[in-house]
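Residue-level listing of the chains:
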Amino acid sequence: MRRRRGRRAAPRDRGERPVSPSALLRPAARRLAIAAAVGSLALGCGVALMACSAWLISRAAQHPPVLVLSVAVVGVRAFGLGRPVLRYLERLLAHDAALRLLAGLRVRVFRAVDAGGAGGLAGRRRGDLLARLVADVDAVPDLALRVLLPAVAAAAVSLGSAALLAAVLPAAALLLLAGLGVAGVAAPALTAATARRAERSAATARADVAAAAAELVGAAPDLLVLGAGPARLDHLDRLEARLAAAERRSARWAGAGTALSQLGLAVPVAGGLLVGVPAVRTGALDPVLLALVVLVPLAVAEAVAGLPAAAVALQRARAAAARVQEVLAQERPAARPLAGPDASGAPTGVPDLLVEGATLRWPGAAAPVLRDVDLVVPAGAHVGVVGASGAGKSTLVAALLGALVPERGRVRVGGEDPAALGDAVASRLAWCGQDAHVFHTSVRENLRLAAPGAADADLEAALRAVRLLDRVRTLPAGLGTVLGEEGATLSGGERQRLALARALLSGAPVLLLDEPTAHLDVALARELTASLREAARGRTLVVVTHRAEALQGLDAVVRVDAGTVTPLTAPLAA
Ligand SMILES: Nc1ncnc2c1ncn2[C@@H]1O[C@H](COP(=O)(O)OP(=O)(O)OP(=O)(O)O)[C@@H](O)[C@H]1O
Ligand SMILES: [Mg+2]
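Residues numbered from 1 in each chain as written. Chains lettered and ligands numbered in written order. Predicted model: local features only at pLDDT ≥ 70, side-chain atom pairs only at ≥ 80, totals over all residues. Heavy atoms only, no water.

Enquirer: Summarise the overall build of the protein; cite the residues concerned and give the values.
Expert: Along its length, the protein carries 16 helices and nine strands. Classification of the 574 residues of the protein by burial places 46% in the buried group. The long-range share in the protein, meaning contacts at least 24 apart out of those at least 6 apart in sequence, stands at 77%. Entry remark: accessible area of the protein is about 26600 Å², with carbon and sulfur atoms responsible for 62%. (Helix = DSSP H or I, 4+ residues; strand = E, 2+ residues; numbered from the N terminus. Buried < 20%, exposed > 50% of the residue type's maximum accessible area, 1.4 Å probe, protein only. Contact = heavy atoms within 4.5 Å. Areas by Shrake-Rupley, 256 points an atom, 1.4 Å probe, with all protein chains shown as cover.)

Following this line, the structure appears as structure tokens:
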């Protein structure tokens, strides 16, 4: 797996509960276990190759009959060929497991972010979310590739080699265990303990840099016009400097760990000579095996030398895994089929909307936005919601969408809790938010996001309903015109209406439209409202606006004010 330094991130909130990252690896447990076994065999081949060669060279020096050497020659060939083949197989298995894990995890994280949409994850910076979705998720399989597999293989090979040396010269086996204790346990532990703080501040700094860079790019036009570009660039520079300092600290500890580990590995090699030579003299050790005693620890060194680096990777991956799990906590249950005879996803009935004694507070907010809200929108009714800016209109819509779960009271869409609907929410509710996104693709594909199979005639009908058809016809390639990254070839009001058309095209029986007329003059706003009512006939419609004049002709209008919702016109009977 490609190493992506400098792009990982960790929990921002200190004192948070440590999460077990191994839970994230569980789906790939079987494949990883096989990879670990094959990896251990590959390293074992390396040690066996060294042992065989050492014996072969020493024995050959005594000029024995060639036949005596032939078994060792076969061994050297077998282990020499076996090592790369097994190593290749291990890489294949491990990366297969890691990439499957990655694919599954990325989908889960994306769903969780998606579910958080208007609610749960609000308040988190885009760059931070991006870091979670890309770098943090990438770091989770690293946990297997860089930490788990090397550690398992190192342990297996260390024990096997110690057993081999014990059979030859027990004192050498003890020295090997002592050296491995320093190189494979003490050095990584020291590195882990010291790198934890450094990694954590590096991770925080990484998330800050990602967020600041994303903000800088996103707000470039505003910054240029305000002349604030250089100041923001300086800010980014300072964050980068902080990141570099933290990474240097982390690297320093990793380096110290590696040095200690190398020193540890020198013990059994030098010690092997020190105990081996006297043992040969006294006849306790066959001279042919002396080379083996000295050289086998060198081969084992290969297995443990990477462990201090693995300890740093562990700290990084744990931090990343915790951030991923934070996002996964937002996951919604999987889609449930619609009730009724038609479970294919097409709505069978038109749901009513019910809000009962609901208190709505955003996560982390000091006070609720709305308290004791009661609202009934009968199936098929068209209701307007007015209120000043910041009164809580969009908050009410977020509750209807299931994106914000009421602190008290309940919200029901056709008798169901929208927060528990999972993906099925899209088949019940169509939502057009205040600043809906226009995708960098054709007008047609932008509209078909909501209705994949829709024919051009349907698309045109929706565009006509939002008074945009004439405008689209003037575009160079009509429905096929590709819109810019942010739909740059359309004006703000036109973009909003394109998003409205998208909501209309979704077959959902409930339409929640947040400020569909915000960008329009009064006349066009009225016209659009009338046309939306026409297009939404037979569906439940909630239109949010801060302009009451755009609400003429609706069945009922409620006002959001002073933290609650009151009927402006006669309340509708349920
Ligand atoms: N996603 C969110 N996370 C946290 N707080 C939020 C979120 N959305 C809104 N708020 C808070 O809730 C309050 C009401 O905001 P809301 O967006 O519901 O107002 P609104 O009536 O839709 O205003 P506008 O007409 O300007 O769109 C605001 O004070 C805002 O700080
Ligand atoms: Mg709003």
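Enquirer: Quick one: what's the story with the UniProt feature "transmembrane region" (unreviewed entry) in the protein, residue by residue and with numbers?
Expert: UniProt's feature table lists "transmembrane region" (unreviewed entry) at residues 32-57, 63-82, 147-168, 174-193, 253-277 and 289-314, given in the numbering used throughout. Secondary structure content for residues 253-277 is 100% helix and 0% strand, while the C-alpha to C-alpha distance between its ends is 37 Å. As a span, residues 289-314 carries 88% helix and 0% strand, and end to end its C-alpha atoms are 38 Å apart. (UniProt positions renumbered as here; feature names shortened; annotations may be inferred.)

Enquirer: If you had to explain the coordination of the magnesium ion (ligand 2) to someone new, which residues and values would you point to?
Expert: Surrounding the magnesium ion (ligand 2) are the protein donor atoms Ser394 (OG) and Gln434 (OE1), at 2.0 to 2.3 Å. Of the two residues, serine 394 is situated in helix H10 (residues 393-401) and glutamine 434 in the loop between strand E5 (429-432) and helix H12 (443-448); the sequence distance between them amounts to 40 residues. Among the residues examined, glutamine 434 registers a relative accessible area of 42% and is labelled partly exposed. (Donors = N, O, S within 2.8 Å, 3.2 Å for Na, K, Ca; no water.)

Enquirer: A description of helix H8 (residues 290-304) should follow, citing residues and the corresponding values.
Expert: Taking 1.5 Å per residue, 15 residues should reach 21 Å; H8 reaches 23 Å between its end C-alpha atoms and fits that length. Here H8 has its buried residues at Leu290, Leu292, Val293, Val294, Val296, Pro297, Ala299, Val300, Ala301, Ala303 and Val304. (Expected span 1.5 Å × (residues − 1).)

Enquirer: Let's hear about the sheet that holds strand E2 (residues 370-377): which residues, and what values?
Expert: Pairing is antiparallel in the open sheet, where three strands are placed in the order E2-E1-E4. Each edge of the open sheet carries a strand with a single partner, namely E2 and strand E4 (408-413). Across the sheet, the mean angle from the axis of one strand to that of its neighbour is 15°, orientation sign disregarded. Relative to E2, strand E1 (residues 353-360) runs antiparallel, the two being bridged by five bridges. Bridging across to E2, leucine 354 finds its partner in valine 376. (Pairing = 2+ DSSP bridges. Axes fitted to C-alpha atoms, helices over the stretch in contact; angles between N-to-C directions.)

Enquirer: Outline the packing of helix H2 (residues 29-60) against H8, listing residues and values.
Expert: Packing of H2 against H8 leaves a shortest axis separation of 9 Å and a crossing angle of 160°. The orientation of H2 with respect to H8, classified from their angle, is roughly antiparallel. Between H2 and H8 lies a crossing whose hand is right-handed. Counted together, Leu43, Gly46, Val47, Met50, Ala51, Ala54 and Ser58 of H2 and Ala291, Leu292, Leu295, Val296, Leu298, Ala299, Val300, Glu302 and Ala303 of H8 form the full contact between these two elements. Classifying every residue of the contact of H2 with H8 by side-chain character gives 13 nonpolar, two polar and one charged. (Parallel < 35°, antiparallel > 145°, perpendicular 65-115°, else oblique. Left-handed = near helix turned anticlockwise from the far one by under 90°. Nonpolar A, V, L, I, M, F, W, Y, C, P; charged D, E, K, R; others polar.)

Enquirer: Can you break down helix H13 (residues 456-465) residue by residue, with the values?
Expert: Within the sequence span of H13, burial applies to Leu459, Ala462, Leu463 and Ala465. Along the long axis of H13, the arc covered by the buried residues comes to 160°, so they all point the same way. Next to the buried residues of H13 lie H12, helix H14 (469-474), helix H15 (492-505) and helix H16 (522-535). Immediately downstream of H13, the backbone of arginine 467 shows phi near 60°, a positive value. (Arc of directions from axis to C-beta.)

Enquirer: Please provide a residue-by-residue account of the site of ligand 1, values included.
Expert: Taken together, 14 residues form the shell around ligand 1, and within it Ser389, Gly390, Ser394, Thr395 and Gln434 come nearest. The protein chains hide 64% of the 620 Å² of surface that ligand 1 would expose on its own. Classifying every residue of the shell around ligand 1 by side-chain character gives six nonpolar, six polar and two charged. (Near = heavy atom within 4 Å.)

Enquirer: Run through the pairing of strand E7 (residues 540-545), naming residues and quoting values.
Expert: Taken across its six residues, E7 has six buried, putting it largely inside the fold. Side-chain alternation along E7 places Thr540, Val542 and Val544 on one buried face and Leu541, Val543 and Thr545 on a second face that is also buried. Alignment of strand E3 (residues 382-387) against E7, held across five bridges, turns out to be parallel. From the neighbouring strand, valine 385 faces E7, where its bridge partner is valine 544. In terms of strand pairing, strand E6 (residues 510-514) meets E7 through five bridges, oriented parallel. Pairing of leucine 512 across the sheet is with valine 542, part of E7. Once you follow E6 into H16 and on to E7, the crossover reads as right-handed. (Right-handed = clockwise from strand over helix to strand, strands pointing away.)

Enquirer: Go over the packing of helix H7 (residues 229-282) against helix H9 (residues 307-328), please, and point to the residues and values.
Expert: Following both chains from N to C, one finds H7 and H9 inclined at 150°, their axes separated by 8 Å at the closest point. Across the interface between the two elements, Ser250, Ala254, Gly257, Thr258 and Ser261 of H7 pack against Pro308, Val312 and Arg316 of H9. For the contact of H7 with H9, a count of residues per class yields three nonpolar, four polar and one charged.

Enquirer: Explain a positive patch on the surface to me, and be specific about the residues and the numbers.
Expert: There is a patch of like positive charges on the surface, built from Arg197, Arg248, Arg249 and Arg252. Sorting elements by how many residues they give to the positive patch places H7 first, with three residues. Relative to the elements of secondary structure, arginine 249 occurs in helix H7. (Patch = residues over 30% accessible without salt bridge, like charges linked within 9 Å, V, L, I, M, F, W, Y side chains within 5 Å. Salt bridge = Lys/Arg side-chain N within 4 Å of Asp/Glu carboxyl O. Lys, Arg positive; Asp, Glu negative; His and termini not counted. Charge placed at Lys NZ, Arg CZ, Asp CG, Glu CD.)

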